[in-house]
Amino acid sequence: LNCKITIHYIIETHKERKIMNKSVVAAQLYTLRDFTKTEADISNTFERVSKIGYKAVQISALGKLEPSDLRKIADRNDLQIVASHISYDLITTDVRKVIDDHKILGCRHVAIGGLPTDFRNQDGFYRFAREASEAVKPIIDAGLTFSYHNHSFELEKFGHRTGLDILVEESDPDYFSFEIDT
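Analysis parameters
Residues numbered from 1 in each chain as written. Predicted model: local features only at pLDDT ≥ 70, side-chain atom pairs only at ≥ 80, totals over all residues. Heavy atoms only, no water. Pairing = 2+ DSSP bridges. Helix = DSSP H or I, 4+ residues; strand = E, 2+ residues; numbered from the N terminus. Buried < 20%, exposed > 50% of the residue type's maximum accessible area, 1.4 Å probe, protein only. Right-handed = clockwise from strand over helix to strand, strands pointing away. Core = buried A, V, L, I, M, F, W, Y, C linked by side-chain atoms within 4.5 Å. Polar contact = N/O pair within 3.5 Å; in protein donor to acceptor, adjacent residues only side chain to side chain. Contact = heavy atoms within 4.5 Å. Phe/Tyr/Trp six-rings, centres within 6.5 Å; stacked < 30°, edge-to-face > 60°. Lys NZ or Arg CZ within 6 Å of the ring centre and 35° of its normal. Expected span 1.5 Å × (residues − 1). Arc of directions from axis to C-beta.

A. A look at the sheet that holds strand β3 (residues 80-86). Spatially, six strands are ordered β1-β2-β3-β4-β5-β8 in an open sheet, and the strand pairing comes out parallel. Of all strands in the sheet, those with a lone pairing partner are β1 (27-28) and β8 (177-179), marking the two edges.

B. Spotlight on the pairing of strand β2 (residues 56-59). Going residue by residue along β2, you find A56 and Q58 tucked away on one face and V57 and I59 tucked away on the opposite face as well. Regarding the hand of the β-α-β motif, the stretch spanning β1, helix α1 (residues 39-51) and β2 is right-handed. The pairing of β2 with β3 spans four bridges and is classified as parallel. Across the sheet, the residue bridging to A56 is Q80, located in β3. Note on the crossover from β2 through helix α2 (residues 67-76) to β3: the handedness is right-handed.

C. Looking closely at the pairing of strand β4 (residues 109-112). Residues of β4 alternate between two faces, with H109 and A111 on one and V110 and I112 on the opposite face, all of them buried. With three bridges connecting them, β3 and β4 associate as parallel partners. Within the sheet, the bridge partner assigned to H85 lies in β4 and is A111.

D. Structural view of the nonpolar core. Ranked by internal contacts, the top residues of the largest apolar core, which has 27 residues, are I91, V110, I112, F128, I139, F146 and Y148. Elements represented by at least two residues in this core include exactly α3 (88-93), α4 (95-105), β4, α5 (122-135), α6 (137-141), β5 (145-149) and α7 (163-170). If one sorts the elements of this core by residue count, α5 sits on top with five residues. Core analysis: the second largest hydrophobic core is formed by 15 residues, A27, L29, L65 and I73 among them.

E. Spatial organisation of the side chain of S147. Relative to the helices and strands, S147 resides in strand β5. By relative accessible area, S147 is classed as buried at 1%. Among the polar contacts listed, one links the side chain of S147 to the side chain of H109, at a separation of 3.1 Å.

F. Structural view of the environment of V136. Here V136 shows up in the loop between α5 and α6. For the pair V136 and S147, spaced eleven residues apart in the sequence, the C-alpha separation amounts to 9.5 Å. Those residues in contact with V136, other than ones at most four positions away along the chain, are I91, F146 and Y175.

G. Region of the structure containing the packing of aromatic side chains. All told, the structure shown has nine aromatic pairs when counted by the stated rule. Ring geometry for F119 against F128: centres 5.2 Å apart, planes inclined by 70°, an arrangement best described as edge-to-face. Looking at F119, the relative accessible area reads 6%, which means it is buried. Put simply, the rings of Y88, F119, F128, F146, Y148, F176 and F178 pair up and form one aromatic cluster. Lying across the ring of Y30, R33 places its NZ or CZ 4.0 Å from the centre. Over the ring of F153 we find R120; its NZ or CZ atom is 3.9 Å from the centre of that ring.

H. Structural detail: α1. When the terminal C-alpha atoms of α1 are compared, their 18 Å separation across 13 residues agrees well with the 18 Å that a helix rising 1.5 Å per residue should span. Those residues of α1 lying buried are I42, S43, T45, F46, V49 and S50. Down the axis, α1 shows its buried residues gathered within 165° of arc, on one side only. What points out from α1, more than 90 degrees from its buried face, is the exposed set A40, R48 and K51. On the buried face of α1, the contacting elements are β1, β2 and α2. Just downstream of α1 lies G53, where phi reads positive at about 115°.

In structure tokens, the structure reads:
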């Protein structure tokens, strides 16, 4: 079998890229989402993640918990919250809360875990690139970073470009960055 694999690396291009000046290996808590439904579950999971050697986590799909309480659990377990996955809707409806919550958490990297369903078409990729670039400006201006986390559907082709190509080429690189899933 003879095949060719092309891998595209997309480098963060935020004006604030100095924030992300070192690599950190973090446990992605989405993989543990069945064990992070309640405060007790979250506390137990953070303790176990810390015990196996992680020093950092990316929060995603956690049960409802106030940011200050989540920060206490992380601190108690010597874990740094280095990134999040939140809904795009939260950014568009209450960006101030997004900023305030991330500052309480000590988390400087805001990401969304995927493209909302109504943007998953050719026109939608163009609209999202423009709209999200604008919507996240307050996040960047507050000293945080923003990234889009991809999945496989962004690799669908629309003419000669994939959805991911459209996002990369049509978004504002000063505000919109990428967290590439490989």
